[in-house]
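If you want the building blocks of each chain, they are given just below.
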Amino acid sequence: MTIVSLCFDSRKAEKGSLFFAVKGSASDGHLYIEDVIKKGAVAIVCEEMPKTLNDKITYIQVKNSNEALGFCASEFYGNPSRELQLVGITGTNGKTTTVTLLHRLFRELGHHTGLLSTIQNKIDETVIPSTHTTPDAVQLNALLRQMVDAGCEYCFMEVSSHAVDQHRISGLSFAGAIFSNITHDHLDYHKTFDAYIKAKKAFFDGLSAQAFALTNADDKNGLVMTQNTSAKIKTYSLRTMADFKTKVIENSLTGLHLIIDNKEVWCRLVGSFNAYNFTAIYGTAVLLGQDPQMVLQILSSLESAEGRFEIIESPNHITGIVDYAHTPDALDNVLSTIENVRNGNETLITVVGCGGDRDAGKRPVMAQIACKKSNKVILTSDNPRSEDPYEILKQMEAGLDPSERRKALIIENREEAIRTACMLAQAGDIILVAGKGHEKYQEIKGVKHPFDDKEVLRKFLN
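The structure contained in this document is the topic of the report that follows. All values reported here derive from a predicted model rather than from experimental measurement.

**A look at the sheet that holds strand 20 (residues 408-410)**
Okay, step 1: The strand order across the open sheet built from six strands is 16-17-21-18-19-20, with neighbouring strands paired in mixed fashion. Across the chains shown, the open sheet's two edge strands, defined by having one partner strand only, are strand 16 (310-313) and strand 20. Adjacent strand axes in the sheet meet at a mean angle of 20°, parallel and antiparallel pairs treated alike.
Okay, step 2: In this sheet, strand 21 (residues 430-434) lies alongside strand 18 (residues 348-352) in parallel orientation, the contact comprising four bridges. When the sheet's bridge partners are listed, leucine 348 is paired in strand 21 with isoleucine 430.
Okay, step 3: Of the strands in this sheet, strand 17 (319-323), strand 18 and strand 21 are in contact with helix 11 (residues 328-341), which crosses strand 21 at around 165°.
Okay, step 4: Sheet contacts for helix 13 (residues 389-397): strand 18, strand 19 (376-379) and strand 20; angle to strand 19, the most-contacted strand, approximately 145°.

**Looking at the side chain of glutamate 346**
Okay, step 1: Within the fold, glutamate 346 resides in the loop between helix 11 and strand 18.
Okay, step 2: Aside from chain neighbours lying at most four places away, what touches glutamate 346 is Asn375, Gly428, Asp429 and Ile430.

**A closer look at the nonpolar core**
Okay, step 1: Membership of the largest hydrophobic core comes to 35 residues, with the highest contact counts inside it found for Leu105, Phe106, Phe156, Phe278 and Leu299.
Okay, step 2: For this core, the elements supplying multiple residues, two or more each, are strand 5 (85-90), helix 3 (95-108), strand 9 (154-158), strand 11 (212-216), strand 14 (255-260), strand 15 (263-267), helix 9 (272-287) and helix 10 (292-299).
Okay, step 3: Sequence-distant contacts of leucine 105, defined by excluding residues within four places in its chain, comprise Ile281, Ala285, Val295, Ile298, Leu299 and Leu302.

**Re the pattern of salt bridges**
Okay, step 1: Summed over the entire model, instances satisfying the criterion amount to 26 salt bridges.
Okay, step 2: One salt-bridge network, in which partners are shared between bridges, spans Glu306, Glu310, Lys440, Asp452 and Lys454.

**Considerations on the packing of aromatic side chains**
Okay, step 1: Summed over all chains, the structure comprises eight aromatic pairs.
Okay, step 2: Ring geometry for tyrosine 154 and phenylalanine 156: centres 6.3 Å apart, planes at 5°, overall stacked. Considered together, tyrosine 154 and phenylalanine 156 belong to a single accessibility category, that of buried residues.
Okay, step 3: Seen from their ring centres, phenylalanine 244 and tyrosine 282 are 6.0 Å apart, and the 85° between their planes marks the pair as edge-to-face. Of this pair, phenylalanine 244 sits in strand 13 (residues 244-252) while tyrosine 282 sits in helix 9, placing them 38 residues apart in sequence. We note that phenylalanine 244, like tyrosine 282, is buried.
Okay, step 4: Clustering of aromatic rings is evident, with ring pairs tying together Phe106, Tyr154 and Phe156.
Okay, step 5: It is lysine 436 that lies over the ring of tyrosine 441; its NZ or CZ is 5.2 Å from the centre.

**Overview of the packing of helix 15 (residues 414-424) against helix 16 (residues 453-461)**
Okay, step 1: Where helix 15 meets helix 16, the closest approach of the two axes is 9 Å, and the angle between their N-to-C directions is 40°. On the basis of their axis angle, the class for helix 15 and helix 16 is oblique. You can see that helix 15 and helix 16 cross each other, and the crossing is right-handed. Counted together, Arg414, Glu415, Ile418, Arg419 and Cys422 of helix 15 and Asp453, Val456, Leu457, Lys459, Phe460 and Leu461 of helix 16 form the full contact between these two elements.
Okay, step 2: Tallied by class, the residues present in the contact of helix 15 with helix 16 amount to six nonpolar, no polar and five charged.

Cut-offs applied
Residues numbered from 1 in each chain as written. Predicted model: local features only at pLDDT ≥ 70, side-chain atom pairs only at ≥ 80, totals over all residues. Heavy atoms only, no water. Pairing = 2+ DSSP bridges. Helix = DSSP H or I, 4+ residues; strand = E, 2+ residues; numbered from the N terminus. Axes fitted to C-alpha atoms, helices over the stretch in contact; angles between N-to-C directions. Contact = heavy atoms within 4.5 Å. Core = buried A, V, L, I, M, F, W, Y, C linked by side-chain atoms within 4.5 Å. Buried < 20%, exposed > 50% of the residue type's maximum accessible area, 1.4 Å probe, protein only. Salt bridge = Lys/Arg side-chain N within 4 Å of Asp/Glu carboxyl O. Phe/Tyr/Trp six-rings, centres within 6.5 Å; stacked < 30°, edge-to-face > 60°. Lys NZ or Arg CZ within 6 Å of the ring centre and 35° of its normal. Parallel < 35°, antiparallel > 145°, perpendicular 65-115°, else oblique. Left-handed = near helix turned anticlockwise from the far one by under 90°. Nonpolar A, V, L, I, M, F, W, Y, C, P; charged D, E, K, R; others polar.

Following this line, the structure appears as structure tokens:
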């Protein structure tokens, strides 16, 4: 019996397929076993045996079909993760910036390098569009195989809590793992903060003794992540003793002046949250055997990932900032950064919304943070998805006290909200458009409409 393909989506089954019956949130793959057999599947991996067995089909019963899929996908593609240095980063914020800059850094250092991120997947400089923070196990191993075949020595990837929980990374061999931070997010999926922490921690629990685990010592859960790991534990910090220690000398809208491991460096990233990202990137490169001085020299010239604190200057001296901040902590970090670099006389106008079909608990908190740290706030739609956008806005507004409500406008149409912010701004003022960052669409009722915060903001600022 020859297996020609692996699938867990019955629609993709073909002659010679090995089908994995996965119990998903939307449907149960066990219901489609007969369908895939009719399409030519020759073997079935399932958690529950069908009542009627076909004597021409091989059935394999497992405890967890998702986990089996991860290990089988690795084997099917020849275990590509063992043929390069694979480094994963997990955490609520900072994943995209960290992996993007690691990819750019290692390319500048002269290495063939792969990237798996929220924004895009890349093999060296060839872009492969991205649909999830972490692809499914089959896509993931197929991409890693392409990277190996293209000569990649390294791959840097975002590892979401969903990917760990759903065993998408099962069977992969990691050279290292990074923990950035953990704050309120994804409770629509994980239900409790404890379950969210455990999902992140499981990534570190699975590392081998040959790998490194680089964790943020300033996050109260930083050392929790590495409690049960076999990997070599390393730490980074801005505030406490650590293997990689950074001190912020100056923080401005043009960049950061830092001292890292007693070496002075200037970089184009903005904000203390980016000082953490910078330190994690530096620490990872050193742990992978790169020359520290060369790493700092290249890092000082790199700009942030798309949609992460991107600055747009208008002809009439209004500063526009676009950022992906879509969690309370990320929004707080961005607003605190702006607070630290402004002179105090300018007005800060924040345009922000919350996504539909996601953790509703953060909606009133996001509105509250925006109002506490801005002079004016416009609450608007993000990606409402299947939800009523006005209901989302109502839940956001519920977090505001009377004084905060006086600061806030509600404009459901996102383009109109950005236009209004630009009309309200005077020379020297700052406009923050938060929540969507690099995204080029707005998802409404299952349809992705073209929408780019940067382009809309640039249009109205000019």
